[in-house]
Amino acid sequence: MDKRLQYKIAQFTDASAIKAKGLYPYFRAIESGQDTEVIIGGKRVLMFGSNSYLGLTDHPKIKEAAKKAIDKYGTGCAGSRFLNGTLDLHIELENRLARYVNKEAAILFSTGFQVNLGVLSCITGRNDYLILDEQDHASIIDGCRLSFSKVIKYAHNDMQDLLRKISILPEEAIKLIVVDGIFSMEGDIVKLPEIVAIAEQYGANIMIDDAHSLGVIGHNGSGTASHFNLTSEVDLITGTFSKSLASLGGFAAGDHATIDYLKHQARSLIFSASMPPSTVASVLAALDIIEAEPERIKKLWENTDYANKLMLREGFDLGLTQSPILPIYIRDNNQTFLVTKYLHDQGVFVNPVVSPAVLPESSLLRFSLMATHTFVQIEEAVFKISKSFKKFGVTTVNEKYKAV
Ligand code: PMP
């Protein structure tokens, strides 16, 4: 009998097509730490594609904390939190995070992706509704796919559309609105005050994924709800440690009863090994630094404002960003690949975002700032991007800027 799998695999040609053109931009091997400059192929490359917003992955105190945790606890927990994989260190971090985001309790997961899979698959039931922004992260979408609830999407940050869609849902059903705090590609902030008002009107609950907001907005970088002073109106706050918090893992925070429910129902928690001690210790040390050195967040925003100003002066189309994620719209897949490759060769690392991740007319370079970038590094990157746009005939300009 013919085996069919290889036929299906052979139909996937997207990656080989772009490799054949010599423009493949993924899985680039970095030979150094995740810093503002990295080494690739033995050469120095400016890093503007990182989520290490506070530049903490190379911090000596965090590295020291990770090493100490290895000395005390070893390299892994060999089991899930539910059974043999809970350390006192996990509980210390959960208490710390709950205080940080101002909720009663928190539970750790081994990645941010697993948080959304675990929470969304179990939190609502068959007759309930999960209501998503269409630009929510892939892990939210996948978590919803594992749920028995009905999933409804509204147009990105479009409160009229949310209102239209929520207003026709049955009163007795649970309605959970799930949103990114800062949207990971567009860089804009969720319209939380409007969502809170709508949720109150229609008896809906709210969950915010603060992956890109932690360390960036809110009191001491504690996220979106704090930024808007609406923490008690938000039921669940989730986050990841793979960005500002310099490590790997994630958490959900909420009231005691909800967190206790998740501890006994979330399958990606119960059936997956717990965060290793070194990563837990790294997050604790990162939180110490964030709280002790508020100037880091200030510097991140100074860098963001500076890059924004330079790019708008060059006429780049930055969409509606309000954060250190600057989407530089090119609006053409091929040009986006060409520019990314050229910039790489010129020593600037940025991430291409092309279809099917976004529509071809929304393809962009995702340029992200770190607190540790210097103005000189930002100037060099903007200069080179500008040069690449001229070289490849990228003509999109910022409509807002043109109007000024
Ligand atoms: N949520 C959002 C909004 C994200 O951007 C990401 C990662 N890109 C995740 C969740 C997943 O986090 P992790 O990398 O910790 O799995």
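Above this note sits the structure.
Since the model is a prediction, treat every value here as computed from it, not as a measurement.

For sheets, the rule is that strands pair by backbone hydrogen bonds, running either parallel or antiparallel. The sheet built from seven strands is open, its strands ordered β3-β9-β8-β7-β6-β4-β5 with mixed pairing. Looking along the sheet, the strands with just one partner apiece sit at the ends: β3 (105-109) and β5 (150-154). Across the sheet, the axes of successive neighbouring strands diverge by a mean angle of 20°, strand direction being ignored. Sheet analysis places strand β4 (residues 129-133) next to β5, joined by five bridges and oriented parallel. Bridge assignment links I131 to a residue of β5, and that residue is I152. Across the sheet, helix α8 (residues 192-202) touches β5, β6 (175-180) and β7 (205-209), and the angle it forms with β7 is around 155°.

Okay, the nonpolar core next. Residues I177 and F367 are the most contacted members of the largest nonpolar core, which totals 89 residues. With nine residues, the top contributor of residues to this core is helix α12 (residues 277-292). When neighbours within four sequence positions are excluded, F367 is seen to be in contact with F48, A307, M311, P324, I325, L326, I328, V350, A381 and I385. In terms of nonpolar packing, the next biggest core, distinct from the first, is built from 22 residues, I123, L176, L236 and A252 among them.

Taken together, 15 residues lie around the ligand, and G112, D209, H212, T240 and K243 are the ones closest in. D209 has a polar side-chain atom sitting 2.6 Å from a nitrogen atom of the ligand. A distance of 2.6 Å is found between an oxygen atom of the ligand and a side-chain nitrogen or oxygen belonging to T240. Protein contacts shield 85% of the accessible area of the ligand, which totals 390 Å² for the unbound molecule. Per-element accounting of the shell around the ligand gives the leading share, three residues, to helix α5 (residues 112-122). Across the shell around the ligand, the residue classes tally to two nonpolar, 10 polar and three charged.

Okay, the sheet that holds strand β12 (residues 351-353) next. Judged by pairing direction, the sheet is antiparallel, and its three strands sit side by side in the order β10-β13-β12 without closing on themselves. With partners counted over all chains shown, the strands left at the sheet margins are β10 (325-329) and β12, one partner each. Along the sheet, successive strands turn relative to each other by an average axial angle of 30°, direction set aside. Where β10 lies against strand β13 (residues 364-368), five bridges are found, and the strand directions are antiparallel. Paired with L326 across the bridge in β13 is F367. With respect to the sheet, helix α13 (residues 295-314) is in contact with β10 and β13, its orientation differing from that of β10 by roughly 15°.

In total, this model carries 15 salt bridges according to the counting rule given. The partner of K63 in a salt bridge is D58, with the nearest N and O atoms 3.0 Å apart. Taking the relative accessible area as the measure of exposure, D58 reaches 33% and is therefore partly exposed. Between D345 and K341 there is a salt bridge whose closest N-O contact spans 2.8 Å. With D345 and K341 both in helix α14 (residues 333-345), this residue pair falls four residues apart, about one helical turn. The class of D345 is partly exposed, set by a relative accessible area of 46%. For K341, a relative accessible area of 29% gives the class partly exposed. Among the charged side chains, a salt-bridge network with shared partners connects E37, R44, E380 and K384.

Reading the values: rules and limits
Every chain begins its residue count from 1, and numbering advances along the sequence as written. Predicted model: local features are reported for residues with pLDDT of at least 70 only, side-chain atom pairs are reported and counted for 80 or more only, and whole-chain, interface and lining totals are derived from all residues. The side-chain numbers reported here are obtained from all heavy atoms of the structure, hydrogens and water having been left aside. Think of it this way: DSSP has to see at least two bridges between two strands before they count as a pair. Only DSSP runs of H or I with at least four residues qualify as helices, and only runs of E with at least two residues qualify as strands; both kinds are numbered from the N terminus onward. Fitted lines through C-alpha atoms give the axes, limited to the stretch in contact for helices. The angle between two N-to-C directions lies from 0 to 180 degrees. Whether two residues are in contact is decided by their heavy atoms: any pair within 4.5 Å suffices. What makes a nonpolar core is a set of buried Ala, Val, Leu, Ile, Met, Phe, Trp, Tyr and Cys residues whose side-chain atoms join them at distances within 4.5 Å. For every residue, the accessible area obtained with a 1.4 Å probe (protein chains only) is divided by the maximum for its type, and the residue is called buried under 20%, exposed over 50%, and partly exposed between those limits. Whether a residue is near a molecule or strand is decided by its heavy atoms; if any one of them lies within 4 Å of it, the residue is near. Here a polar contact is taken to be a pair of N or O atoms separated by no more than 3.5 Å, where protein atoms must pair a possible hydrogen donor with a possible acceptor and residues adjacent in sequence count only if both atoms sit in side chains. Residue-level accessible areas treat just the shown protein chains as cover; the underlying method is Shrake-Rupley with a 1.4 Å probe. Each residue gets one of three labels, nonpolar for Ala, Val, Leu, Ile, Met, Phe, Trp, Tyr, Cys and Pro, charged for Asp, Glu, Lys and Arg, and polar for the others, Gly among them. A pair is scored as a salt bridge if a Lys or Arg side-chain nitrogen falls within 4 Å of a carboxyl oxygen belonging to Asp or Glu.

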